Every structure is written in C-alpha cells, then in structure tokens.
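So the chains spell out like this:
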Amino acid sequence: MLSERRLQVLRAIVQDYVGTEEPVGSKALTERHNLGVSPATVRNDMAALEDEGFIAQPHTSAGRIPTDKGYRLFVDKLAGVKPMSPPERRAIQNFLDGAVDLDDVVARTVRLLAQLTRQVAVVQYPSLTRSTVRHVELLSLAPARLMLVLITDTGRVEQRMVDCPAPFGESSLADLRARLNSRVAGRRFADVPSLVEDLPEAFEAEDRGTVSTVLSTLLETLVEENEERLMIGGTANLTRFGHDFPLTIRPVLEALEEQVVLLKLLGEAGDSGMTVRIGHENAYEGLNSTSVVSVGYGSGGEAVAKLGVVGPTRMDYPGTMGAVRAVARYVGQILAES
C-alpha cells in the first residue's frame, strides 16, 4: 500500500499532467502543490511510484507521466466525481427537454455529451429486451392487410406490416386490439409470449389464422436483433488529442466504427453503475491508448441502456464522470416522463 503522502504526490502528478499536457517534475510539483515536503523528498516519492509502475518517464530529460496503473489508482482511490454546477445542470435539462421523440433524445444526448466532455460520445438506444409494452396499436390498411405498431415504455416505436391469411373485419380488429392490450400493456417483453399463447382460442375459427399471424409478428418484433443500436458523436474531438495517441489516431477511429466493439466497451446495459476502463483494460487493441467512462440510464430504478465517452487516457476523470452521470440522470427522467 502507498503512504498517504505518495498518494498525494500521485494525485498531483495526474492533475498537473491532465491540465498541462507536459511531463511533471518534482520542482514543479512542490511549487504548485502544498505537499509540505522538500523537492528531494518528492523526488524520492516519485522514484518509489515509478518503481511500482504508477508513473513513467517518457524520455530521458523529462518529468514523469501517469501510467494506466497510476490512472486506475487515481480513479479508484483519489478522484471524486465532480458535480455539475447549477447553470450547467439547467443547460443540460433545457437542451434535453426540447426533444420530440426517442431518436431526438438520443441525438441530443450524444451532442450534449460530446460538447460537455470534449470527447467522443456513445449512446446506446434503450434495449427492447429490458423494456415493457406501453401499447399495441392495430390499424386496417386493406381487408387482409394490417399495420402493427408497438410502443414501449421508453418511447420506442416499432411498426410492422401484417399480411393476413383472410379478410379481417373492423369489429374483430377492435376485439383483438382490446384483448391484446389488456394482456400485455405494462408487461415486460420477456413475459409477453406466455401471456398471449392462448389468445387465438378466444376468436371464431375463421379469424384464428389472422390472430396467430398478428401474434407471431408481435413476438418477432420483440426478439429482433436490431435492438442494439448506437449513436456516436464528437469523433472530431479526438483530433485535438493527436499527441496523446502513440502512433496514429487511425486504430481508434477504426475501433469506433465497429458497433460490436462499442457495445462491449459500454458493458452490460443491466449494470447501471459507473464503469471506467483505462488504456490496456480495453480488450480491443485499437483502444489501448483510450479510456472509456460509461454508466447505465433508464426510467425508474432500472437501466435500459448505457451511455458514455471515449477519450485519451490523459482525461479529466472527475469532470468526465460527473458529466456522464448527470446526463444519464436527465435522460432517465425524460424517459420516465415520456
């Protein structure tokens, strides 16, 4: 375990390097921070921190910079989450309150996160598997053609065409709509199949084929793989950090184009806690020079998806964690009210 003073020295090195982009020397540390010890003592502390792998010397004449291990200790032990100021919170709320639908909420969230953190923002659409049914609408388009509209508790709308095996009258359609919603409204997607499996038996023989077709379309909509959608924004922010990426920015940009990689980075949506992955903790090689800060968001107490940012390991962790957490909270409130 590091002594309290060495932890203070590490904290000072991280703060200075993030703020100045310059390797940090013992003289600068004692001048900028009230460490209460001489530069010689700070040099000894820095030597010990280097021996244990928390800081490194990028080139011979330079000061020291934090390693992934140093940033990890800083995030776990030394960095609080910096709260947003009241004007920042009002600005977030006003910007997100203007959203007209779920796509707009996600688009605004991406733009806002990228602006607040000056990093790359990634927002996952609310996952259908963790949603509940708000309403199922059935509309007649032709005697044997219907439109099924599924509306979820997160405001997501899915539309499907249904070609019926036989004409289906308006009274039968109204009956199916009422019976279907009485069974599934407010219920989790996972529960729907068992709730509707005997529904065709409630109808006349000539209508059962159509009822079964409508139900199979509904169930297909619930399990379709297209649920894992993402929106990404602020990629241009990475160009400001060119010198933070050892060789080139290209591997990072290529990784950001891989949706599967990004979904893995954000982590499991059901896990709503704050996650910070630093440097080589990211399994994807192209992102070894980046850090990812993510958190779950959702209506009520349950996370339905994740949002977060990707940036260089030389990141303002307290500020980034504060912004990500605040935005997630407001998005959750909007979903709850929608």
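Residues numbered from 1 in each chain as written. Predicted model: local features only at pLDDT ≥ 70, side-chain atom pairs only at ≥ 80, totals over all residues. Heavy atoms only, no water.

The protein chain has the name Heat-inducible transcription repressor HrcA in an unreviewed UniProt entry, where Streptomyces pimonensis is given as its organism. For the record of the protein chain, the UniProt heading Sequence similarities (unreviewed entry) holds the text "Belongs to the HrcA family." UniProt annotates the protein chain under Function (unreviewed entry) with the comment "Negative regulator of class I heat shock genes (grpE-dnaK-dnaJ and groELS operons). Prevents heat-shock induction of these operons." (UniProt positions renumbered as here; feature names shortened; annotations may be inferred.)

Asker: Could you clarify how one ought to interpret a nonpolar patch on the surface in this entry?
Answerer: Taken together, Leu-139, Leu-141 and Met-161 make up a surface patch of nonpolar side chains, about 260 Å² in accessible area. Within the secondary structure, Met-161 sits in strand E6 (residues 157–163). Given a relative accessible area of 43%, Met-161 falls into the partly exposed group. (Patch = residues over 30% accessible without salt bridge, like charges linked within 9 Å, V, L, I, M, F, W, Y side chains within 5 Å. Areas by Shrake-Rupley, 256 points an atom, 1.4 Å probe, with all protein chains shown as cover. Salt bridge = Lys/Arg side-chain N within 4 Å of Asp/Glu carboxyl O. Helix = DSSP H or I, 4+ residues; strand = E, 2+ residues; numbered from the N terminus. Buried < 20%, exposed > 50% of the residue type's maximum accessible area, 1.4 Å probe, protein only.)

Asker: Sorry if this is basic, but what is going on with the packing of helix H6 (residues 102–117) against helix H12 (residues 317–337) here?
Answerer: Helix-helix packing is described using two parameters, namely the angle between the two axes and the distance between the axes. Running from amino to carboxyl end, H6 crosses H12 at an angle of 165°, the nearest separation of the two axes being 10 Å. In terms of orientation, H6 and H12 fall into the roughly antiparallel class. The hand of the H6/H12 crossing is right-handed. Residues Leu-102, Val-105, Thr-109, Leu-112, Leu-113, Leu-116 and Thr-117 of H6 form the contact with H12, whose own contacting residues are Thr-320, Ala-323, Val-324, Val-327, Val-331, Ile-334 and Leu-335. Per-class residue counts for the contact of H6 with H12 are eleven nonpolar, three polar and no charged. (Axes fitted to C-alpha atoms, helices over the stretch in contact; angles between N-to-C directions. Parallel < 35°, antiparallel > 145°, perpendicular 65-115°, else oblique. Left-handed = near helix turned anticlockwise from the far one by under 90°. Contact = heavy atoms within 4.5 Å. Nonpolar A, V, L, I, M, F, W, Y, C, P; charged D, E, K, R; others polar.)

Asker: Looking at this model, I keep getting lost on the sheet that holds strand E4 (residues 133–142). Mind explaining?
Answerer: Strand pairing in a sheet takes place through backbone hydrogen bonds and is either antiparallel or parallel in direction. Reading across the sheet, the three strands line up as E4-E5-E6 and stay open at both edges, with antiparallel pairing between neighbours. For this open sheet the edge positions go to E4 and E6, each flanked by a neighbour on one side alone. Averaged over all adjacent pairs, the angle separating strand axes in this sheet is 20°, with direction ignored. Direction of pairing for strand E5 (residues 145–152) relative to E6: antiparallel, over a ladder of seven bridges. Looking at E6, one finds that Ile-151 is bridged to Val-157. (Pairing = 2+ DSSP bridges.)

Asker: Help me understand the nonpolar core, please; the structure alone is not making it clear to me.
Answerer: Looking at soluble globular proteins, one finds that nonpolar side chains tend to be buried together. In this structure, Leu-29, Tyr-297, Leu-307 and Tyr-317 are the most contacted members of the largest nonpolar core, which totals 59 residues. For this core, the element with the highest residue contribution is H12, accounting for eleven residues. Ranked by size, the runner-up nonpolar core spans 23 residues in total, among them Leu-138, Leu-146, Leu-150 and Val-192. (Core = buried A, V, L, I, M, F, W, Y, C linked by side-chain atoms within 4.5 Å.)

Asker: Which parts of the structure should I look at to understand the pairing of E4?
Answerer: Across a regular strand the side chains alternate sides, sitting on one face of the sheet and then on the other. Both E4 and E5 contribute to a ladder of eight bridges, which runs antiparallel. Looking at E5, one finds that Ala-142 is bridged to Arg-145. Once E4 ends, the chain turns through two residues before running back antiparallel as E5.

Asker: What am I meant to see in the packing of helix H4 (residues 68–78) against H12 here?
Answerer: For the pair H4 and H12, the least separation of the axes is 11 Å and the interaxial angle reads 55°. The angle between H4 and H12 falls in the class oblique. The element H4 and its partner H12 pack so that their crossing is right-handed. Here Tyr-71, Phe-74 and Val-75 of H4 lie close against H12, whose contacting residues are Tyr-317, Pro-318 and Met-321. Counted by class, the contact of H4 with H12 contains six nonpolar, no polar and no charged residues.

Asker: Could you clarify how one ought to interpret the sheet that holds strand E3 (residues 120–124) in this entry?
Answerer: Taken together, five strands build an open sheet; the order of strands is E7-E3-E10-E9-E8 and the sheet is antiparallel. If you trace the sheet from one side to the other, it starts and ends with strand E7 (230–233) and strand E8 (275–278), each paired once. When strand polarity is set aside, the average angle formed by the axes of neighbouring strands in this sheet is 15°. Pairing between strand E9 (residues 290–297) and strand E10 (residues 305–312): eight bridges, direction antiparallel.

Asker: Please explain a positive patch on the surface as it appears in this structure.
Answerer: A cluster of like positive charges, contributed by Arg-89, Arg-90, Arg-325 and Arg-329, occupies part of the molecular surface. Contributions of two or more residues to the positive patch are made by helix H5 (86–97) and H12. (Lys, Arg positive; Asp, Glu negative; His and termini not counted. Charge placed at Lys NZ, Arg CZ, Asp CG, Glu CD.)

Asker: How should I be thinking about helix H11 (residues 259–266) in this particular structure?
Answerer: Of the positions making up H11, those classed as buried are Val-261, Leu-262, Leu-263, Leu-265 and Leu-266. Looking at the buried residues of H11, the elements they touch are E3, E7, helix H10 (250–256), E8, E9 and E10. Looking one or two residues past H11, Gly-267 carries a phi angle of roughly 90°, positive in sign.

Asker: Any chance you could explain the confidence of the model for the protein chain here in plain terms?
Answerer: Note: predicted coordinates in regions of low pLDDT should not be interpreted at a detailed level. With 94% of its residues at a pLDDT of at least 70, the protein chain reaches an overall mean of 87. Mean pLDDT across the elements of the protein chain ranges from a minimum in H11, with 79, to a maximum in helix H7 (residues 170–184), with 94. (pLDDT = per-residue confidence, 0-100.)

Asker: It is not clear to me how the packing of aromatic side chains should be interpreted in this structure. Could you clarify?
Answerer: When we look at a pair of aromatic rings, we describe it by the centre distance and by the angle of the planes. For the structure on display, the rule yields one aromatic pair. Residues Tyr-71 and Tyr-317 carry aromatic rings whose centres are separated by 5.6 Å and whose planes lie at 50° to one another, so their mutual orientation is tilted. In this pair, Tyr-71 is assigned in helix H4 and Tyr-317 in helix H12, connecting sequence segments 246 residues apart. Since its relative accessible area comes to 0%, Tyr-317 is described here as buried. Sitting above the plane of the Phe-95 ring, Arg-108 keeps its charged end 5.4 Å from the centroid. (Phe/Tyr/Trp six-rings, centres within 6.5 Å; stacked < 30°, edge-to-face > 60°. Lys NZ or Arg CZ within 6 Å of the ring centre and 35° of its normal.)

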